[in-house]
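# Overview (structure and organization)
Listed below, chain by chain, are the residues.
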Amino acid sequence: MNKKVLFVVGSLREKSFNRTVAEYISKRLEEKGIETSFLDYSKLPFMNQDIEFPAPIEVEKVRNDVKGADALWIVTPEYNGSVPGALKNFLDWISRPVVKGNFGAPEFVKGKLVAVSGVAGKSEASLVITEISGLLTRMGLNLLEEKVGLSLLVEAFQTGVFNLSDEQKVKLDNEVKVFIEKF
Ligand SMILES: Cc1cc2nc3c(=O)[nH]c(=O)nc-3n(C[C@H](O)[C@H](O)[C@H](O)COP(=O)(O)O)c2cc1C
């Protein structure tokens, strides 16, 4: 059976540039026989300990998607130098036990391989990548050392379309190579 990678795009925007990046990576993985899918976490309620047990159906859904994947690949923008709220909310949910009284992230999260990439402005997503790396490590995920942050070209803001440059593609191709070696 093919291995599966679940993409988590940090932007919920329909024409997200980060989604474009995720789709590029996804194609490279599919060419290597790896199955890919994209997580829909747009309906997740805000984390609230009052509603954790039993968890809402939307939470069950994303947990099952994470459970069914051999690895996660997060592709995220930078919001005010940090992790976008919706993405942080998703991570908070999967960092919590499924059974009341247990502690920490569930077994299907702990040790799971996770890669991180992102596209932002001049920072090349370096701030969000640093922040999310700390978060994922604290949650017990197995963070891929190679992380790629890219800068948006002015053209993307003018046209609403992000065309990756050849140089950016090379960086992502290398991240894919390192990922596959570890997968
Ligand atoms: C709330 C908010 C905060 C932002 N903060 C940053 C930032 O700190 N650094 C940055 O480079 N871009 C920032 N941006 C601009 C995003 O990089 C830009 O909107 C990008 O297109 C978002 O990614 P997406 O196309 O995948 O939705 C911010 C955008 C929003 C909506």
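All values derive from a computational prediction rather than experimental measurement.

Here we come to the layout of surface pockets. Here the largest pocket is characterised by a volume of approximately 170 Å³. Lining the largest pocket are 13 residues, with V9, S11, L12, R19 and L39 positioned closest to its centre. Here the residues of the lining of the largest pocket are counted per class, giving 6 nonpolar, 3 polar and 4 charged.

This paragraph deals with the site of the ligand. Every residue close to the ligand is listed here: S11, R13, S16, F17, N18, P77, E78, Y79, N80, G81, A120 and G121. Note that an oxygen atom of the ligand is positioned 2.7 Å from one of the side-chain N or O atoms of R13. The contact in question runs from an oxygen atom of the ligand to an N or O atom on the backbone of G121, over 2.7 Å. Contact with the protein chains removes 68% of the 620 Å² of surface that the ligand exposes when unbound.

With that settled, the discussion passes to the environment of I132. One can find I132 in helix 4 (residues 126-138). A C-alpha to C-alpha distance of 9.5 Å links I132 and I74, two positions 58 residues apart in sequence. In this structure I132 touches I74, V83, L87, L91 and V116, once residues within four positions along its chain are discounted.

A separate point is the packing of helix 3 (residues 85-94) against helix 4. At a closest axis distance of 11 Å, the pairing of helix 3 and helix 4 adopts a crossing angle of 10°. Taken together, the axis directions place helix 3 and helix 4 in an arrangement best described as roughly parallel. Contacts between helix 3 and helix 4 involve L87, K88 and L91 on the former and, on the latter, I132, L135 and L136. Residues that form the contact of helix 3 with helix 4 fall into these classes: 5 nonpolar, no polar and 1 charged.

For the protein, the average pLDDT comes to 97, and 100% of its residues sit at 70 or higher. Across the protein, the secondary-structure element scoring lowest on mean pLDDT is helix 5 (residues 154-159), at 93, and the one scoring highest is strand 3 (residues 71-75), at 99.

Side chains carrying opposite charge are able to pair once their charged atoms draw close together. Evaluated as defined, the whole model comprises 7 salt bridges. Notably, a salt bridge pairs E60 with R63, separated by 3.5 Å at the nearest N-O pair. In this pair, E60 and R63 both sit in helix 2 (residues 57-67), 3 residues apart, roughly one turn of the helix. A salt bridge links E107 to K110; the shortest N-O distance between them is 3.4 Å.

So, how was this worked out
- Residues numbered from 1 in each chain as written.
- Predicted model: local features only at pLDDT ≥ 70, side-chain atom pairs only at ≥ 80, totals over all residues.
- Heavy atoms only, no water.
- 1 Å grid on protein atoms, 1.4 Å probe; cavity = no way out; pocket = protein on both sides within 12 Å on 5 of 7 lines; lining within 4 Å.
- Points joined across faces, edges and corners; volume = space filled by probe spheres on them.
- Nonpolar A, V, L, I, M, F, W, Y, C, P; charged D, E, K, R; others polar.
- Near = heavy atom within 4 Å.
- Polar contact = N/O pair within 3.5 Å; in protein donor to acceptor, adjacent residues only side chain to side chain.
- Areas by Shrake-Rupley, 256 points an atom, 1.4 Å probe, with all protein chains shown as cover.
- Helix = DSSP H or I, 4+ residues; strand = E, 2+ residues; numbered from the N terminus.
- Contact = heavy atoms within 4.5 Å.
- Axes fitted to C-alpha atoms, helices over the stretch in contact; angles between N-to-C directions.
- Parallel < 35°, antiparallel > 145°, perpendicular 65-115°, else oblique.
- pLDDT = per-residue confidence, 0-100.
- Salt bridge = Lys/Arg side-chain N within 4 Å of Asp/Glu carboxyl O.

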